[in-house]
Amino acid sequence: MTALTDPDAIVEITPSAGVQVARHGWRAKCLQRLVRMELPVPTSFAISADAVRAIAAGQTPDRQALAALIEREEGLVSVRPSAANPAWGGPGTVLNVGINNACHARLVESRGKKAADAIYLGFVQSYAIHVARLDPDMFSDCAGDLQTALRAYENETDEEFPQDPARQLAEVLRSMARAWDGPTARLLRQAKGAPSQAALGLIVQDMALAIGPGVTGSGSIQLVDSSTGMPRITGRFRGQTQGRAEREGTETLYLTRDPRGPSLEEAAPEVFADLIRFGVACRERLREEMQIEFAVSDSNLSIIDAVRVQRSSRASVRIAVSLAHDGIIPVAEAVTRVEPRALSDLLHYQVDPGAPRDLVAKGINASPGAATGMIVFTAAAAQAAEARGERCVLVRRETVPEDVRGMHAAVAVLTERGGMTSHAAVIARGIGLPCIVGVSGLSIDTRARTMQTGGRIFHEGEKITIDGTSGEVLAGEAEMLEPALDDSFTQLLEWADQHSSIRIRANADTPEDARTARMFNAQGIGLCRTEHMFFDDQRLPAMREMIFADKPEDRRLSLERLLPMQRSDFAALFEIMAGLPVTIRLFDPPLHEFLPHDREGMRELAESLDLPLSDVTRRVEALSEFNPMLGMRGVRLGITVPEIYDMQARAIFEATILASKNGDPVVPEIMIPLVSARREVELVKTRIDAVAAAVRNETRRDFTYRLGVMVETPRAALRAGDIAEHAAFLSFGTNDLTQMTYGLSRDDAGRFMGTYVGQGVFAEDPFHILDRDGVGELVAIGAERARCQSPGITISVCGEHGGNPESIAFCLRAGVNYVSCSPFRVPVARLAAAQESILMAQESPKTDPAAQS
Ligand code: PEP
Ligand code: MG
C-alpha cells in the first residue's frame, strides 16, 4: 500500500470520518466540527499530509479517485491548504477547479454569460499563473476577457486549456503540494514556530458559487471586535465575488443595517439570521470566537470555512474571560489562553500597529511601551524639559546612577550601549518607562548635541518615538493605542493567582515603585536596591562625605546624617506594603559610582568638602578599579567598611518599630549581596545581630527579622549548603550570576549579542531568558544543596529573569518559592507562573493548588 492508496489518504469529511489534525490539518478538523454542527458546509474531502507528500514527490492519485472528488453536482471544486496549525499558512486557495468549455456552457444557461465568463476566467488566470507558471502580467492584463486569456494560454503552452477536470485537479494538487516545500514558504512558517518537518494536508471542497443571479456573493462574519474583544458584528459581504479577489461589478454590502448603504441584513434577512445563529453556535461548540467564511448563492447560504478570530492583546484577554464567564471554557483554560507577554501591551501606550512608521534605528527592546518626546542628551536637560512641561526622550551612550533623576523626568530612554540588564534597562523597567538599549549604528555627539543613525542626523529638541516593545526608534510622532487595565484584565489575573503555585513579588526601590507593585497585586517586595536611595540631591553630599572620611568615627558621623533618611525610606515601604514581606538588600555598588566623573564635578566636590582639588582627584583615582563589578562592592564593602551596613540595619530596625506601631508587626527581610563564602555571612550576621540587640535595648521594643543571602556568584551557588546554615532565605541574583557564569559583562554584551544570537552561539540573550543549561544548573544545584541543609529555607529569584515567562517556568520547576521582578512585569509574571503551574498540575494532578484548596 502506498501513501495514495491508504484508505485514509482521501476521506470525505463526514461527522464520523477519521479526520485528525496531525494527519489532515486544522482546517480539515475544523470543517468536520462544522459538519457535526449540521452547518451547510459543501461536500468536502481531506487529503492526508502523507498523500500530499507523495503528490509533491511526483505520484498522482488514480483517475478514479480524482474523478470521485470532482465529477459531482456542478463539477467544480476549490482546493485549500490545511496545515496542522493555522498560523503556518500555506499555498493560496484555488477556486473553480473543473471548469471547461462544457461546464462553462452549462453555467451560461443557469447563471448567465457574464457570471459564467467570470468564473472560467478566474480559474484560467489562477491555473496559468500558479500551475503552468506563466507570466503573471500576461494574465492579469487580459482586460477581463475570457477568450483573450484562453488564447494567451494556448499561445504560451502550444496546447488547448486543459479540459479534463481530473487532470486540472491533479495539476492543482501537485502545484500546491510543491509550493509548500518552496524555500520562502519554509522560512516564513519556521519564523512562526513551525517545525522543519511541518506537513500540509489539502481540502477539496465543492464550490459554493458566489457569482450569479439574486443575492449572491461571499464574505466573512465575526461576532466580536478584533481590537477590543467587545461584542460587535464585523466582517464584509461582497456581491458577485468569490474569494478575496476584487472584480468589476461587485457590490459591497454592510452586514448589519446601516444608514450609509444597503446591508445583507436587509437584502437577505434569513441568511443574516442564520449567520448570527451559526456564529453563536460556533462559540459554544468550538469554544472559541470564530470568523466564519460564507458564500450566498441566490439567497442560499453555504459555510465554507471558519477560523479563530484574529485578535489584539486586549481582545485576547476579554475573549478568554468572557468565554469562561459564560461557562463555555473552564477558568483554568481561560488563564492558559492568553499569551503572558500580551499583558504588557495592555499596561503601556503602544504604537498603533496599523499606523505608518518612519523607522530610523533598531536596538534591544529593553522596556515595553511607547512614547514620543524631544531629544535631550543629559539628565539635567531632561529635568529642565520636565520643568517646562515638555516631554523628552533621554538619549545617552549609557546611563549611570546619576542619570536616574533625568530618567524619571523623561518619557523614554534610548542608549547606544547596554543589554537587557544594563543600568538603563533595569531602571526603565522598574519605573515602566519605554526603553531601547544597545542600538548599533547609533552615534551620539554630546558636544554638537546630535545623534546620527542610518545616515540621518537628529538634533536636540527634535521629536522621536521610542517603541520599547519592538525596539524600534521612529522619527517624529507616531499614533498610539492607550493602555487597557480593564475589568477583564483584573479578572484574568485573579484567576491566574488562584492557579499559581508560586508567589510573585516586585523589585521596588521607592514608595512609587511599591505603590505600583501593590496596584499589580505583587505579594511583597523581593528586592529593594537601597543604593538608589543615595542619589538624591540631599543625600549625595552626605554620601560623598562618608566616602571621603578617613577614620571610622568620621564615617559614622556622616552616616548618622543618612540614617533618618533611610529610616523614613524603609518606614514608607513597610507602610505601603501593609504587612506583606519586604526584602531590603544592603548596599551593593562600588563606592566610586557616587563620585563625580568630570573635573567640574570634582571641583564642586572639593569646594563642598573644603578640601584641595588634588585631594579629591587623588581619592577618586584611588577608588577607581579595573573591574569594578568584580571589585569592592556588595558584601566586600560591608566587611571592609562595616559602618554602612550598621547604619542600614539600624534604619531598617527603627523603621520596623515605627511601622509596627501603626499596623501589623513587620518582619523585615535583610539581604546580603554578592556573597561567595560562608564566613562573609557569619561576619555580617554578627554585626547585624548586634545592631538589632542595641535597638531592642534602646527602644525596649522587640522585633524579629530574617537574614538572607543573594546567590549571585557561581561559588555561592555551589556552596549554598554551607551558606544556608546562616540564612533564612536565599535569593538568586540571576543578573550577576549570568554575568559571572558566562564571564560576560552585563553592560557591554549588547554590542555583540545580536551577532551571537544571530549566529546561533546563544539561543537567546542569557540576560533576557535564563540559560537553563549553565546558569539554570547552578540555580538548581544551589537550591538543592540549600534545601538539603535547611529543608524549610525560602528560595527565590530576584534577577530580571523573574519577569520573563520562559525563565519563570524554569524557576517553578526548580522549586523556588517566589520570583521577584520589576513592578510593571508583575502581571506578566503572575500569568506565566499560573500557566506553568496549570501545566505541571496536568502532568501530575497532585500539585494542582486549585485542586488542593
Ligand atoms: C542580580 O544581580 O540579579 C540582582 C538582582 O542585583 P543587581 O541587578 O542589582 O546587581
Ligand atoms: Mg546583583
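Quick note: structure is the one above.
Just so it is clear, the model here is predicted, and its values are computed rather than measured. Residue positions are given per chain, counting from 1 as you read along its sequence in written order. In the order they appear in the text, chains get letters beginning with A and ligands get numbers beginning with 1. Local features in this predicted model are restricted to residues of pLDDT 70 or higher, and side-chain atom pairs are both shown and tallied only at a pLDDT of 80 or more, whereas totals for entire chains, interfaces and linings draw on every residue. Neither water nor hydrogens contribute to the side-chain values; these are computed over all heavy atoms in the structure.

Asker: Account for the environment of alanine 185, naming residues and giving values.
Answerer: Within the secondary structure, alanine 185 is located in helix H10 (residues 183–191). Classification of alanine 185 by relative accessible area gives partly exposed; the value is 28%. Contact criterion: two residues are considered in contact whenever any of their non-hydrogen atoms come within 4.5 Å of each other. Not counting residues within four places of it along the chain, the set of residues in contact with alanine 185 comprises Ala179 and Trp180. Counting from the N terminus, the helices are the DSSP runs of H or I reaching at least four residues and the strands are the DSSP runs of E reaching at least two. Three exposure classes are used, based on accessible area relative to the maximum for each residue type with a 1.4 Å probe and protein chains only: buried under 20%, partly exposed in between, and exposed over 50%.

Asker: Which residues make up unusual backbone geometry, and what values do they have?
Answerer: Positive phi outside glycine occurs at asparagine 96, with the angle close to 60°. As for its placement among the helices and strands, asparagine 96 is situated in strand S4 (residues 94–97). Even without a glycine there, the phi angle at aspartate 610 is positive, about 60°. The topology assignment puts aspartate 610 in the loop between helix H23 (599–609) and helix H24 (613–623).

Asker: Before we move on, can you summarise the coordination of the magnesium ion (ligand 2) with the specific residues and values?
Answerer: Any nitrogen, oxygen or sulfur atom within 2.8 Å of a metal ion counts as a donor, with the limit raised to 3.2 Å for Na, K and Ca, and since water is left out, coordination shells can look unfinished. Within the first shell, the magnesium ion (ligand 2) binds the protein through Glu712 (OE) and Asp736 (OD), at distances of 2.0 to 2.2 Å. With glutamate 712 in the loop between strand S28 (706–711) and helix H28 (714–718) and aspartate 736 in helix H30 (residues 734–742), this residue pair connects regions lying 24 residues apart in the sequence. Take aspartate 736: its relative accessible area is 3%, and that puts it in the buried class.

Asker: Could you give an account of the sheet that holds strand S25 (residues 525–529), with specific residues and numbers?
Answerer: Taken in spatial order, the 8 strands of this closed barrel run S24-S25-S26-S27-S28-S29-S30-S31, and their pairing is parallel. Neighbour to neighbour, the strand axes of the sheet diverge by 25° on average, direction disregarded. DSSP calls a pair of strands paired once it identifies at least 2 bridges connecting them. Bridging between strand S24 (residues 503–507) and strand S31 (residues 818–821) involves 4 bridges; their strand directions are parallel. Within S31, the residue paired with arginine 505 across the bridge is serine 820. Set on the sheet, helix H32 (residues 775–789) makes contact with strand S29 (729–732) and strand S30 (794–797); between it and S29 the angle comes to about 180°. Geometry is summarised by axes, namely lines fitted to C-alpha atoms with helices restricted to the contacting stretch, and by angles between N-to-C directions that run from 0 to 180 degrees.

Asker: Which residues make up the packing of helix H22 (residues 552–577) against helix H26 (residues 643–662), and what are the values?
Answerer: One way to put it is that H22 packs onto H26 with a least axis distance of 7 Å and a crossing angle of 35°. By crossing handedness, the relation of H22 to H26 is classed as right-handed. Across the contact of H22 with H26, the residue classes break down as 14 nonpolar, 4 polar and 7 charged. When the near helix sits turned anticlockwise from the far one by under a right angle, the crossing is termed left-handed; a clockwise turn instead gives a right-handed crossing. Throughout, the ten residues Ala, Val, Leu, Ile, Met, Phe, Trp, Tyr, Cys and Pro are labelled nonpolar, Asp, Glu, Lys and Arg are labelled charged, and all others, Gly among them, are labelled polar.

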